[in-house]
2 protein chains.
Amino acid sequence: MITAFGLALAAPGGEQVLFTIFVMFVAAKLAAEIFERLKQPAVAGEILAGVIIGPSVLGLVAPSELTNALSEIGVIFLLFLVGMETKPADIFRVGWRALLVATLGVIAPFIFGYLIMLAWGQSQIEAVFVGAAMVATSVGITARVLGQMGLLNLEVSRIILGAAVIDDILGLLILAVVSSIAKEGGVNYVQIGTTAALAIGFTLLVIMVGARAVSRIRMRVENLKVGQSYLVFGLALCLGLALVASYIGVAAIIGAFLAGMALSESAEGTDMPHQAEAVTEFLLPFFLTNIGMQLKLDALLTRDTIILALIVTVLAVLSKLIGCGAAAWPLGKKKAAQIGMGMVPRGEVGVVVAQIGLSLNAVDASAYGVVLFMAVATTLIAPPFLVKLFKGETRVDEEPEFPVTQIS
Amino acid sequence: MITAFGLALAAPGGEQVLFTIFVMFVAAKLAAEIFERLKQPAVAGEILAGVIIGPSVLGLVAPSELTNALSEIGVIFLLFLVGMETKPADIFRVGWRALLVATLGVIAPFIFGYLIMLAWGQSQIEAVFVGAAMVATSVGITARVLGQMGLLNLEVSRIILGAAVIDDILGLLILAVVSSIAKEGGVNYVQIGTTAALAIGFTLLVIMVGARAVSRIRMRVENLKVGQSYLVFGLALCLGLALVASYIGVAAIIGAFLAGMALSESAEGTDMPHQAEAVTEFLLPFFLTNIGMQLKLDALLTRDTIILALIVTVLAVLSKLIGCGAAAWPLGKKKAAQIGMGMVPRGEVGVVVAQIGLSLNAVDASAYGVVLFMAVATTLIAPPFLVKLFKGETRVDEEPEFPVTQIS
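Predicted model, so just to flag it, every value in this text is computed and none were measured. (Residues numbered from 1 in each chain as written. Chains lettered and ligands numbered in written order. Predicted model: local features only at pLDDT ≥ 70, side-chain atom pairs only at ≥ 80, totals over all residues. Heavy atoms only, no water.)

## Some remarks on the overall build of chain A
In terms of helices and strands, chain A carries 17 helices and 0 strands. Computed over its C-alpha atoms, the radius of gyration of chain A comes to 21 Å, within 12% of the 22 Å expected for a compact globule of 408 residues. Projected onto the principal axes, the alpha-carbon positions of chain A cover approximately 65 × 65 × 45 Å. Taking all 408 residues of chain A together, the buried fraction comes to 62%. Expressed as a percentage of contacts within chain A between residues at least 6 apart in sequence, the contacts between residues at least 24 apart total 80%. Carbon together with sulfur atoms contributes 66% to the accessible area of chain A, which is approximately 14,300 Å² in total. In chain A, which carries 24 positive and 28 negative side-chain charges, the distance between the mean positions of the two groups comes to 6 Å. (Helix = DSSP H or I, 4+ residues; strand = E, 2+ residues; numbered from the N terminus. Rg over C-alpha atoms; globule rule 2.2 N^0.38 Å. Buried < 20%, exposed > 50% of the residue type's maximum accessible area, 1.4 Å probe, protein only. Contact = heavy atoms within 4.5 Å. Areas by Shrake-Rupley, 256 points an atom, 1.4 Å probe, with all protein chains shown as cover. Lys, Arg positive; Asp, Glu negative; His and termini not counted. Charge placed at Lys NZ, Arg CZ, Asp CG, Glu CD.)

## Overview of the relation of the copies chain A and chain B
Overlaying chain A on chain B yields an RMSD of 0.0 Å, the required transformation being a rotation through 180° with an accompanying axial translation of 0.0 Å. Such values leave the two copies arranged in the relation of a two-fold axis. When each C-alpha of chain A is compared by its distance to the rotation axis, valine 279 of chain A comes out closest, at 2.4 Å. When the interface residues of chain A are mapped onto chain B, 100% of them again fall at the interface, so both copies present the same face. (Least-squares fit on C-alpha atoms with pLDDT ≥ 70 in both.)

## Notes on the interface of chain A and chain B
On the side of chain B, 76 residues touch chain A, which itself brings 76 residues to the contact. For the pair chain A and chain B, the summed buried area comes to about 6,900 Å², and 76% of that belongs to carbon and sulfur atoms. On inspection of chain A and its partner chain B, the count reaches 0 salt bridges. The tally of links from chain A across to chain B stands at 2 residue pairs in polar contact (both at pLDDT 80 or more). Elements represented by at least two residues in the side of chain A that touches chain B include exactly helix H1 (2-6), helix H2 (14-37), helix H4 (65-84), helix H9 (155-184), helix H10 (189-222), helix H11 (229-248), helix H13 (272-293) and helix H16 (347-359) of chain A. Here the element with the most residues in the side of chain A that touches chain B is H2 of chain A; it accounts for 14 residues. For the side of chain A that touches chain B, the per-class residue count stands at 48 nonpolar, 15 polar and 13 charged. (Buried area = accessible area lost by both parts, 1.4 Å probe. Salt bridge = Lys/Arg side-chain N within 4 Å of Asp/Glu carboxyl O. Polar contact = N/O pair within 3.5 Å; in protein donor to acceptor, adjacent residues only side chain to side chain. Nonpolar A, V, L, I, M, F, W, Y, C, P; charged D, E, K, R; others polar.)

## Examining the pattern of salt bridges
Residues and elements named next belong to chain A. Taken as a whole and assessed by the stated rule, the structure comprises 16 salt bridges over all chains. Residue arginine 158 pairs with aspartate 90 through a salt bridge whose shortest N-O separation is 3.1 Å. Of this pair, arginine 158 sits in helix H9 while aspartate 90 is found in helix H5 (residues 88-93), placing the two residues 68 residues apart along the sequence. The exposure class assigned to arginine 158 is buried, which follows from its relative accessible area of 6%. Each member of the salt-bridge network shares a partner with another, and the members are Lys29, Arg144 and Glu281.

## Overview of a positive patch on the surface
Taken together, the side chains of Lys39, Lys388 and Lys391 of chain A together with Lys225 of chain B define a basic patch exposed on the protein surface. Mapped onto the elements, lysine 39 of chain A comes out in the loop between H2 and helix H3 (42-53). On the basis of relative accessibility, which here comes to 67%, the residue lysine 39 of chain A falls in the exposed class. (Patch = residues over 30% accessible without salt bridge, like charges linked within 9 Å, V, L, I, M, F, W, Y side chains within 5 Å.)

## Considerations on the nonpolar core
Phe80 and Phe282 of chain A together with Phe80 and Phe282 of chain B are the most contacted members of the largest nonpolar core, which totals 254 residues. Looking at which element gives the most residues to this core, the answer is helix H17 (residues 365-390) of chain B, with 14 residues. Ignoring sequence-local partners within four residues, the contact set of phenylalanine 282 of chain A consists of Phe25 of chain A together with Ile73, Phe77, Leu235, Leu239, Val279 and Leu283 of chain B. (Core = buried A, V, L, I, M, F, W, Y, C linked by side-chain atoms within 4.5 Å.)

## Overview of a nonpolar patch on the surface
Together, Phe92, Ile200, Leu204, Leu205, Met208 and Val209 of chain A make up a nonpolar patch on the protein surface, roughly 540 Å² of accessible area in all. By the secondary structure assignment, methionine 208 of chain A is in helix H10.

## Considering helix H15 (residues 333-342) of chain A
For H15 of chain A, the full list of buried residues reads Ala336, Gln338, Ile339, Gly340, Met341 and Gly342 of chain A. Close packing links the buried residues of H15 of chain A with helix H6 (95-119), helix H8 (139-148), H9, helix H14 (303-328) and helix H17 (365-390) of chain A.

## Some thoughts on the packing of H10 of chain A against helix H12 (residues 252-263) of chain A
All names here are of chain A. At their nearest, the axes of H10 and H12 sit 7 Å apart, and the two run at 30° to each other. In terms of their interaxial angle, H10 and H12 are classed as roughly parallel. Seen along the crossing, H10 lies across H12 with a hand that is right-handed. The segment H10 lies against H12, with Phe202, Thr203, Val206, Ile207, Gly210, Ala211 and Val214 engaging Gly255, Leu258, Met261, Ala262 and Leu263. Residue composition of the contact of H10 with H12, by class: 9 nonpolar, 3 polar and no charged. (Axes fitted to C-alpha atoms, helices over the stretch in contact; angles between N-to-C directions. Parallel < 35°, antiparallel > 145°, perpendicular 65-115°, else oblique. Left-handed = near helix turned anticlockwise from the far one by under 90°.)

Shown next as structure tokens:
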């Protein structure tokens, strides 16, 4: 029967696509509702929804090219929105602190990860990969939590955002080094140097001249005949810089964040942030559930692997708290804790590093499972603590002109 | 080099995804801008952009699971928006006329298509499939053109929308008959009857009780804790009814249209249409370019095939003009022409029927190419004529509360 119906006017495979989208969206929002009622962060609920509908529990949906693509677009739009709330000057003001937070927040997790894996009797290259996977921060999670609390314009929030950008570049370099060791047995310094120069150059270029360039062509954009020309321009810039970033090797979300920052001044007072917010509201659940769907509990079958996964997760949390916290210590204990916890989620970035390690045969299936567990677990653990740590904070400076990302 | 960079923090294949999305979005919007300046409908430009970036010309992108999925979500949201501008009573008022338009608009193209293929010396089953592919209307194209002109609340617009819904159900039944002949050599009347009953029952049920059910639970929805609960509810209803429609065998867009209609009264005065509009604005270009990308010029290599493709296209246009026009004749010549032209685009629906025929070995590669050409060509031809035919019309009744789909 279903085949006969399925034949009808739906594209082949069209139902499967719709089913996946429907299940991910509705599960995420149901979980968000339940978590909100329990006074827990919706973000954690949406990730957990992904665990439940994913292969580990119900098996309704599995990560696929489609879910990964929707997830990527979702987080790109989130960072684009966050960027629009962040002026380049705000980041420059906290630049040195962010650099220090990022650097110590990269060194500590790498060393912790590397040492525990060696101590556990794993190979050198596996230890290096697990270390690398513990380095990168999934800034989308923290940005979403702070955005929902309306706290993106706190000084600590800006330090976290700035540190996440730098962290991403450092993580890129570590991954390039690690990958080149895994593939060629040595480090290609010229290539790494080129990558570093490109990544840093791109970031600085967009921060420095992006806003000016955008405000210079703004009038021209508004004179275009195409409907909603300014929104179209913003979306194109966001996608374009995300693409360039990803060609250079930096995460696409960094490009989107920089595009948002470049637009932050000229978008003020327009309808664009509000519209980009609606797009994000639809797409973000795919990002969050897709993280949870990555969990592979069947890789954690032995008692040893489970223990290792728990230890790695604890170290992943502690190492960011210690590394970033130390760097932020002069700001006071509370801010140090806020910044440290803000850098804890590994999310999709940890998952990607683990996938690369697996594809290079540098990590085996159980180490892969351990990293996935750590990535999902840190992402689930951080939001409730963030909510606690930031409770009672109020916006320190001007009211944002638009309530971007305060949407659930 | 690129491999080294590609290794970095982007998901494997992530760049390709971003590249595809960027190229489709930007090409569509550039073409829309050029067409607007030439005083041509943007819709046609966006479809043509798909032809140019697709396999037939530049080969930058090709239809894939991802582009089909984005396309489907895009047109689902478009019909959801159109539905929100359409009250069930508006459709009931034009019900009989729409039924007549749909019926004659299905019979004429089927007969024309069937006869020309037989006359051309093709097989019976191939003739039947080409006839079936000429039946269905891609209402999204017309809805978009009328929406951009702000004319969705004209009586003729409602007749077109109503007829498109009925047309889709009739097309479903024809396709079910045709497929069952192709597969089993005969017609399974019980199955066809079940399909018909389900499709009609579902449509009537949603139209009859949908709006009342929605307004009854509206307060509950607004009391939910999850952010933007009403938008979330609307999106979930849209995706859910699209999914049910596609399980039953009706096109998913019919479900989305019905969901929009069910919400049309209670959404008035809320921000939801405006937000759903922003989502559509982002996703619709994928629908339009994806249609153009379907074109396979390499199937039209021989002179004979090219001539057949042109004849089929002309007949596809004429048969809808004649069939639907005859049904609408009592409304006057102008309205008959408007309605007939409104039903001309075959778009994605024609493509899907051709794909099914191909997968059942009922049509060969060249007949497939002919149908694809017809589907894309009718979709490109109709918008400029629609603009001409509707020029000078003004909204006949109340101003819409929200400028839905007048965007871009």
